[in-house]
Amino acid sequence: QVQLAESGGGLVQAGGSLRLSCVASGSISSINAMGWYRQRPGKLRELVALITSGGSIDYPDSVKGRFTISRDNAKNTMYLQMNSLKPEDTAVYYCNYNVARSSGSYYYIWGQGTQVTVSS
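Report on the accompanying structure. These figures come from a predicted structure and were not determined experimentally. (Residues numbered from 1 in each chain as written. Predicted model: local features only at pLDDT ≥ 70, side-chain atom pairs only at ≥ 80, totals over all residues. Heavy atoms only, no water.)

Before going further, it helps to spend a moment on the nonpolar core. Core analysis: the biggest nonpolar cluster contains 27 residues, and Trp36, Met78, Leu80, Met82, Tyr93 and Tyr97 have the highest contact counts within it. Mapped onto this core, the elements with two or more residues apiece are strand E3 (18-25), strand E4 (31-39), strand E5 (46-52), strand E7 (67-72), strand E8 (77-82), strand E9 (91-100) and strand E11 (114-119). Residue contributions to this core peak at 5 residues, all from E9. (Core = buried A, V, L, I, M, F, W, Y, C linked by side-chain atoms within 4.5 Å. Buried < 20%, exposed > 50% of the residue type's maximum accessible area, 1.4 Å probe, protein only. Helix = DSSP H or I, 4+ residues; strand = E, 2+ residues; numbered from the N terminus.)

So, in structure tokens, the structure goes:
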């Protein structure tokens, strides 16, 4: 069964940078999309970066221009480069795969999350 594992979180000063990694293990037949989500204290989980199988990339306004999603297919790894970090970026960050079933439906695979804390 496929599993996702995030790493790279930690404590950083405002204005600093971090790069998160998400390594996939196991076999996945078809991926519709993959992305990064975060859950800030007291808020709902939100999408921060998405890349589809067709190659399109989307970011919400809150991170646009500061965060960059990328992938290395040979290493089965997805990355989130985070620059110019702000205290409001403090959250648990999760990687996610949207996986297609042969029936045409889909399901999500989630990592366990990695904590990012940005101090002022």
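This is not the end of the story, as more comes after the structure.
Locating Asp89 in the fold gives a position in the loop between E8 and E9. Judged by its relative accessible area of 1%, Asp89 falls in the buried class. Among the polar contacts made by the side chain of Asp89, one reaches the side chain of Arg66 at a distance of 2.7 Å. Polar contacts involving the side chain of Asp89 include one to the main-chain amide nitrogen of Lys86, which spans 2.8 Å. (Polar contact = N/O pair within 3.5 Å; in protein donor to acceptor, adjacent residues only side chain to side chain.)

On to a nonpolar patch on the surface, then. Side chains of Tyr106, Tyr108 and Trp110 sit close together on the surface and give an oily, nonpolar patch of about 330 Å² of accessible area. For Tyr108, the position within the fold is in strand E10 (residues 106-110). Accessibility expressed as a relative area gives 42% for Tyr108, which makes it partly exposed. (Patch = residues over 30% accessible without salt bridge, like charges linked within 9 Å, V, L, I, M, F, W, Y side chains within 5 Å. Areas by Shrake-Rupley, 256 points an atom, 1.4 Å probe, with all protein chains shown as cover. Salt bridge = Lys/Arg side-chain N within 4 Å of Asp/Glu carboxyl O.)

Right, let's get into the side chain of Asn96. Along the chain, Asn96 turns up in strand E9. Of the polar contacts made by the side chain of Asn96, one reaches the backbone oxygen of Ile109; its length is 3.4 Å. In this view, Asn96 contacts Leu4, Ala33, Met34, Gly35, Tyr37, Met78, Tyr108, Ile109 and Trp110; residues no more than four positions away in its chain are not counted. (Contact = heavy atoms within 4.5 Å.)

The next point concerns the pairing of E4. Strand direction decides the pairing type here: E4 and E9, joined by 8 bridges, are antiparallel. Bridge pairing in E9 places Ile31 opposite Val99. Direction of pairing for E4 relative to E5: antiparallel, over a ladder of 6 bridges. Following the sheet pairing, Ala33 is matched in E5 by Thr52. (Pairing = 2+ DSSP bridges.)

Taking every second residue as pointing to the same face, the buried face of E11 carries Thr114, Val116 and Val118, while none of Gln115, Thr117 and Ser119 on the other face is buried. Relative to E11, strand E2 (residues 10-13) is paired through 4 bridges, and the arrangement is parallel. Bridged to Leu11 within E11 is Thr117.

Overall, antiparallel pairing links the 4 strands, which are arranged E1-E3-E8-E7 in an open sheet. Of all strands in the sheet, those with a lone pairing partner are strand E1 (3-7) and E7, marking the two edges. Ignoring which end each strand starts from, the neighbouring axes of this sheet average 15° apart. As defined by bridge partners, E3 adjoins E8 across 6 bridges and the pair is classed as antiparallel. Counted as the bridge partner of Ser21 is Tyr79 from E8. (Axes fitted to C-alpha atoms, helices over the stretch in contact; angles between N-to-C directions.)

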